[in-house]
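Breakdown of the fold
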Amino acid sequence: MPSGQSHPPSTTTTNNHHPQSTTTTNNHHPHHHPSFPPPESDSDTTWVWAQIKAEARRDAESEPALATHLYSTILSHPSLDRSLSFHLANKLSSSTLLSTLLYDLFLLSFSSDPSLVSSAVADLLAVRHRDPACVSFSHCLLNYKGFLACQAQRVAHRLWLQSRRPMALALHSRIADVFAVDIHPAAKIGKGVLFDHATGLVVGETAVIGNNVSILHHVTLGGTGKVGGDRHPKIGDGVLIGAGATVLGNVKIGEGAKIGAGSLVLIDVPARTTAVGNPARLIGGKERPARHEDVPGESMDHTSFISEWSDYII
């Protein structure tokens, strides 16, 4: 275990000051999602960390075989940044890239840049809110490789901007090896992001992903060949990209747009529209595309366009 992690778990419940949060961590409704946003009396970080610790205590009591794991990864730590640093360090370490080194690297990054922690909290809230398979915040923190890969990539991105490129690329390689998620450390990622399942996700060097975006597995945000410079997609806020979709080149996916599963996108997609197919076409046609009012990156609505897609016949 990295040094400095001898903090005993608190013996008091984290919910004493927030009785409204107790329903989020009881064992009787594992699929009941907490109310959003968190109570105004707390910061999002304080509230989410309290939930995570309460959930870990509950799970340690109900599954004693997990008690040591939960103590080491969550309950022995005084803060989310220390817990996340410890967990990422142990996940990404190798025989020659030691967990103690990585722990210090992650913790220094989180301590020096508060936006990294606030982005992690926004991602936790996004996953818990959007994914019905996510039964708790602690489950996301410990087990969601899309979430973990995203947090590690943000640290790699910070190293990249600091011209520590060998370390950034070493992290990039370990993230790809461990999580099967390949995001270049130069790529820019917003907050409130859900990489759902995440296996096979590829994001190129000059790609930009906005806030409140949801992307499923086997999505490629890639280039079109050997063209240099700014050559990867720009994904606007609130976009939803379905499983297996491919977006190639320096194209813009407009705010709140939806890309159907398995689609191939090679040109810009206007805001609040839906593109499906290979090659992708706009629902409603290029001249008068159908527009939606919701934010698909948050609603996770993959199929509402089908009723307007007259060619869809079985």
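Position numbers for residues count from 1 along each chain, tracking the sequence in the order it is written. Where totals are concerned, whole chains, interfaces and linings use all residues; where local detail is concerned, this predicted model gives features only for residues with pLDDT of at least 70, and gives and counts side-chain atom pairs only at 80 or more. Excluded from the side-chain calculation are hydrogens and water; included are all heavy atoms of the structure.

Turning next to the overall build of the protein chain. Per the convention used, a helix needs a DSSP run of H or I reaching at least four residues, while a strand needs a run of E reaching at least two, with both numbered from the N terminus. Scanning the protein chain from terminus to terminus reveals nine helices and 15 strands. For the protein chain, the proportion of its 314 residues judged to be buried stands at 51%. Considering only intrachain contacts with a sequence separation of at least 6, the fraction spanning at least 24 residues in the protein chain is 51%. Accessible surface is estimated by sampling points in the Shrake-Rupley manner with a 1.4 Å probe; for residues, cover comes only from the protein chains shown. Summed over its atoms, the accessible surface of the protein chain is roughly 14300 Å², and 54% of this surface lies on carbon and sulfur atoms. Residue burial is assigned from relative accessible area. The probe radius is 1.4 Å, only protein chains are included, and a residue is buried under 20% of its type maximum, exposed over 50%, and partly exposed in between. Any two residues whose heavy atoms approach within 4.5 Å at even a single point are treated as in contact.

This part takes up the pattern of salt bridges. One side-chain nitrogen of Lys or Arg within 4 Å of one carboxyl oxygen of Asp or Glu is enough to make a salt bridge. In this structure the tally under the stated criterion is six salt bridges. Note that Asp59 and Arg58 form a salt bridge whose closest N and O atoms lie 3.0 Å from each other. One salt bridge in this structure joins Arg158 and Asp113, with 3.7 Å as the shortest N-O distance. Of this pair, Arg158 sits in helix H7 (residues 145–161) while Asp113 is found in the loop between helix H4 (99–112) and helix H5 (114–130), placing the two residues 45 residues apart along the sequence.

The distinction between a cavity and a pocket rests on a 1 Å grid over the protein atoms alone: a 1.4 Å probe fits inside a cavity but cannot get out, while a pocket stays open yet meets protein on both sides within 12 Å along at least five of seven lines, and a residue with an atom within 4 Å of a point counts as lining. Grid points are joined across faces, edges and corners, and a volume is the space filled by probe spheres set on the points. Considering only enclosed or pocket space, the largest pocket measures out at about 300 Å³ in volume. Along its surface, the largest pocket is lined by 16 residues, and Ile267, Asp268, Ala280, Arg281 and Leu282 are the ones closest to its centre. Contributing elements (two or more residues each) for the lining of the largest pocket: strand E13 (264–265) and strand E15 (281–282). The residue inventory of the lining of the largest pocket, partitioned by class, reads eleven nonpolar, one polar and four charged. Ten residue types, Ala, Val, Leu, Ile, Met, Phe, Trp, Tyr, Cys and Pro, are classed as nonpolar, four, Asp, Glu, Lys and Arg, as charged, and the remainder, Gly among them, as polar.

To continue, consider helix H2 (residues 67–75). Within H2, burial applies to Leu70, Ser72, Thr73, Ile74 and Leu75. On the buried face of H2, the contacting elements are helix H1 (44–62), helix H3 (80–92) and helix H6 (137–143).

Below, the discussion takes up the packing of aromatic side chains. Two aromatic rings from Phe, Tyr or Trp, using only the six-membered ring of Trp, form a pair when their centres are within 6.5 Å; if the ring planes differ by under 30 degrees the pair is stacked, by over 60 it is edge-to-face, and anything between is tilted. The full count for this structure, using the stated rule, is one aromatic pair. Just above the ring of Phe137 sits the side chain of Arg128; from NZ or CZ to the centre is 5.9 Å. A ring is scored as having a charge over it whenever the NZ atom of a lysine or the CZ atom of an arginine sits within 6 Å of its centre and within 35 degrees of its normal.

Using the criterion set out here, one finds one cavity of 30 Å³ or more in the structure. Within this model, the largest cavity holds a volume of roughly 40 Å³. Around the largest cavity sit Asp123, Val127, Gly146, Phe147, Cys150, Gln151, Val193, Leu194 and Phe195, which together line it. Of all the secondary-structure elements, those providing two or more residues to the lining of the largest cavity are H5, H7 and strand E3 (194–195). Broken down by element, the residue count for the lining of the largest cavity peaks at four residues, all from H7. Class assignment for the residues of the lining of the largest cavity results in six nonpolar, two polar and one charged.

Moving on, we get to the sheet that holds strand E8 (residues 234–235). By this definition, two strands are paired if DSSP reports at least two bridges between them. Ordered by their spatial adjacency, four strands build an open sheet running E2-E5-E8-E11, and the pairing between neighbours is parallel. Taken across any chain shown, the strands that pair with only one partner, and hence form the sheet edges, are strand E2 (188–189) and strand E11 (252–253).

Let's shift gears to the packing of H3 against H4. One way to put it is that H3 packs onto H4 with a least axis distance of 8 Å and a crossing angle of 145°. Where H3 crosses over H4, the handedness of that crossing is right-handed. Facing Asp81, Arg82, Leu84, Ser85, Phe86, Leu88, Ala89, Asn90 and Leu92 of H3, the residues of H4 in contact are Ser99, Leu102, Tyr103, Phe106, Leu107, Phe110 and Ser111. Residue classes in the contact of H3 with H4 are distributed as ten nonpolar, four polar and two charged. For every element, the axis is a line fit to its C-alpha atoms; helices are fit only across the contacting stretch, and the angle between N-to-C directions ranges from 0 to 180 degrees. Should the near helix be turned anticlockwise from the far one by less than a right angle, the crossing is termed left-handed; should it be turned clockwise, right-handed.

Attention now moves to the confidence of the model for the protein chain. Counting all residues, the mean pLDDT for the protein chain is 88, and 83% of those residues have values of 70 or more. Per-residue confidence from the prediction method is given by pLDDT, with values spanning 0 to 100. pLDDT under 50 marks residues 3–32. Its contacts with residues more than four places away, or in other chains, come to 49 contacts.

Below, the discussion takes up the sheet that holds strand E6 (residues 214–215). Here six strands make up an open sheet; going across it, the order is E3-E6-E9-E12-E14-E15 and the pairing mixed. At either margin of the open sheet sits one strand with a lone partner, and together these are E3 and E15. Bridge count for E6 against strand E9 (residues 240–241) is two bridges, and the pairing is parallel. The residue bridging Ser214 from the neighbouring strand is Leu240, located in E9.

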